[in-house]
Structure formats: structure tokens, C-alpha cells
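Coordinate analysis (summary)
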Amino acid sequence: MTISAAVVTLKTIALMADRVCRLAYDAGTEALAALPSTATWQDRIATQAAALRLSIKQHPGGAQLLAESPGTLSTGALSLMERLLRTLLDAGLPADHCAIAADTLLSHVTGFVLQEQNQPAAPPPVTAERYAELCERFPLLMSPSTPRLSQDEKFTRSVRLLSAGFATPA
């Protein structure tokens, strides 16, 4: 690949990342507008995270593009971060705490979607012998008491858990 082709490729990727981030920002704007006026800051964070997740899931490689967007100074990505920071600051969280919280949330959403986009369509077949071996080796993970949640429920709970941590002084 020539240098000029590499530059064109990088610019194309930057434009794609910005487009995905702008679409996610717009989806978040719509979702936030639909919240009741009594919504808590945690509701506003959860709404932004859910809209972002759904938006980047719609694009193959969307999570990767979001992850790379800060390096391209994507105004779409910067808008997402700015709104998260504003939500956290308006909630009364300390300013130095907000940047870490917003970055943690965006990293979580990106990682969650990367996992979703890379999961096999169906779980691999497991024999009874293999299942028994897994239960013996990983009793906590394989325990029937470990909740088996849908991806949507896992995501919702994980964002709520993160928000509770954001409210805790560091």
C-alpha cells in the first residue's frame, strides 16, 4: 500500500467512526428527550449507554470504530463524551471523577458490544461428560444459582452497577 493510499484509508476510517458516533449521539438525543422530567441522572446515563450500544451494534465494526474515534478527534465521539460529562457534572459528581466515569462507561459499552458482535451464532455442543467437567472446574460460574440473563438485562444491570460506583467517592 502506498503512503497516499494509507492516508486515504485512515481518513475513510475516521469519517466512518465520526458517522457512527454522530448517529449514536442523535439516537441518544432522541432517547433522552423521551425520558420523563423526573428521570434521575442514573436514568440519563443508562439511556445514553443503551442508545450508544444499539447504535454501534447496527454497524459491523461499530464498537471498533468507537474505540478508535478519540485518536481521530471525531467530533461525533467528542459530542458523546461531552454529553456524558455534562450529565455527570449536573448530577453533582466531582469534576475530576467525571472524566474517569465517562471514559469507563464508554469503554464498558464498547467492550460489551465487541463481545456481542464476536459471539458465535449458537453455543458449541457440550457432552454430558464435558459439562460435568466444567461444573467441577468452575463451580461458581456453572452453578445453577448464577443468573442466566439476556444480553439486554446484563447490559442494563452492568450500567446501573457502574452508575452506583460513579456516585461513590473515590
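Computed from a predicted structure; not experimentally measured. (Residues numbered from 1 in each chain as written. Predicted model: local features only at pLDDT ≥ 70, side-chain atom pairs only at ≥ 80, totals over all residues. Heavy atoms only, no water.)

Considering the overall build of the protein
On a plain count of helices and strands, the protein comes out with eight helices and zero strands. Order of helices (α) and strands (β) in the protein, N terminus to C terminus: α-α-α-α-α-α-α-α. With the C-alpha coordinates of the protein rotated into their principal frame, the extents come out at 55 × 50 × 30 Å. Put simply, of all contacts in the protein between residues at least 6 apart along the chain, 76% involve residues at least 24 apart. Only carbon and sulfur atoms are counted for the fraction: they give 62% of the accessible area of the protein, which is about 10,700 Å². (Helix = DSSP H or I, 4+ residues; strand = E, 2+ residues; numbered from the N terminus. Contact = heavy atoms within 4.5 Å. Areas by Shrake-Rupley, 256 points an atom, 1.4 Å probe, with all protein chains shown as cover.)

Some points on helix α8 (residues 151-166)
With 16 residues, α8 extends 22 Å from end C-alpha to end C-alpha; this agrees with the ideal 22 Å at 1.5 Å per step. Its buried side turned inward, α8 meets α2 (41-57), α4 (75-90) and α5 (95-118). (Expected span 1.5 Å × (residues − 1).)

Looking at the side chain of Arg 53
Locating Arg 53 in the fold gives a position in helix α2. Contacts of Arg 53, omitting those with residues within four sequence positions, involve Val 109, Phe 112, Val 113, Glu 116, Gln 151, Asp 152 and Phe 155.

Examining the pattern of salt bridges
What the rule picks out here adds up to eight salt bridges. With a shortest N-O distance of 2.8 Å, Arg 130 and Glu 133 are connected by a salt bridge. Here Arg 130 pairs with Glu 133, and both are found in helix α6 (residues 128-137), just three residues apart, close to one helical turn. Under the relative-accessibility criterion, Glu 133 is labelled partly exposed at 37%. Across the pair Arg 157 and Glu 153 runs a salt bridge, and its minimum N-O distance is 2.7 Å. Here the residue Arg 157 and the residue Glu 153 both occupy positions in helix α8, the gap between them amounting to four residues, near one helical turn. Within this structure, Arg 53, Lys 57, Glu 116 and Asp 152 form a network of salt bridges that share partners. (Salt bridge = Lys/Arg side-chain N within 4 Å of Asp/Glu carboxyl O. Buried < 20%, exposed > 50% of the residue type's maximum accessible area, 1.4 Å probe, protein only.)

Considering the packing of α2 against α5
It is the contact of α2 with α5, at a shortest axis distance of 10 Å, that shows an interaxial angle of 35°. α2 and α5 meet at a crossing whose hand is right-handed. In this structure, α2 uses Ile 45, Ala 49, Leu 52, Arg 53, Ile 56 and Lys 57 to contact α5, whose residues at the interface are Leu 105, Leu 106, Val 109, Phe 112, Val 113, Glu 116 and Gln 117. Among the residues making up the contact of α2 with α5, the classes are represented as nine nonpolar, one polar and three charged. (Axes fitted to C-alpha atoms, helices over the stretch in contact; angles between N-to-C directions. Left-handed = near helix turned anticlockwise from the far one by under 90°. Nonpolar A, V, L, I, M, F, W, Y, C, P; charged D, E, K, R; others polar.)

A short note on the environment of Phe 155
Inspection of the secondary structure assignment puts Phe 155 in helix α8. Looking at Phe 155, the relative accessible area reads 3%, which means it is buried. Ignoring any residue separated from it by four or fewer positions in sequence, one finds Phe 155 in contact with Ala 49, Ala 50, Arg 53, His 108, Val 109 and Phe 112.

Some details on the packing of α2 against α4
Between α2 and α4, the shortest axis-to-axis distance is 9 Å and the interhelical angle comes to 165°. Judged on the interaxial angle alone, α4 and α2 are roughly antiparallel. Taken as a pair, α2 and α4 cross one another with a handedness that is left-handed. Touching Trp 41, Arg 44, Ile 45, Gln 48 and Leu 52 of α2 are Leu 80, Arg 83, Leu 84, Thr 87 and Leu 88, all from α4. Broken down by class, the residue content of the contact of α2 with α4 amounts to six nonpolar, two polar and two charged. (Parallel < 35°, antiparallel > 145°, perpendicular 65-115°, else oblique.)

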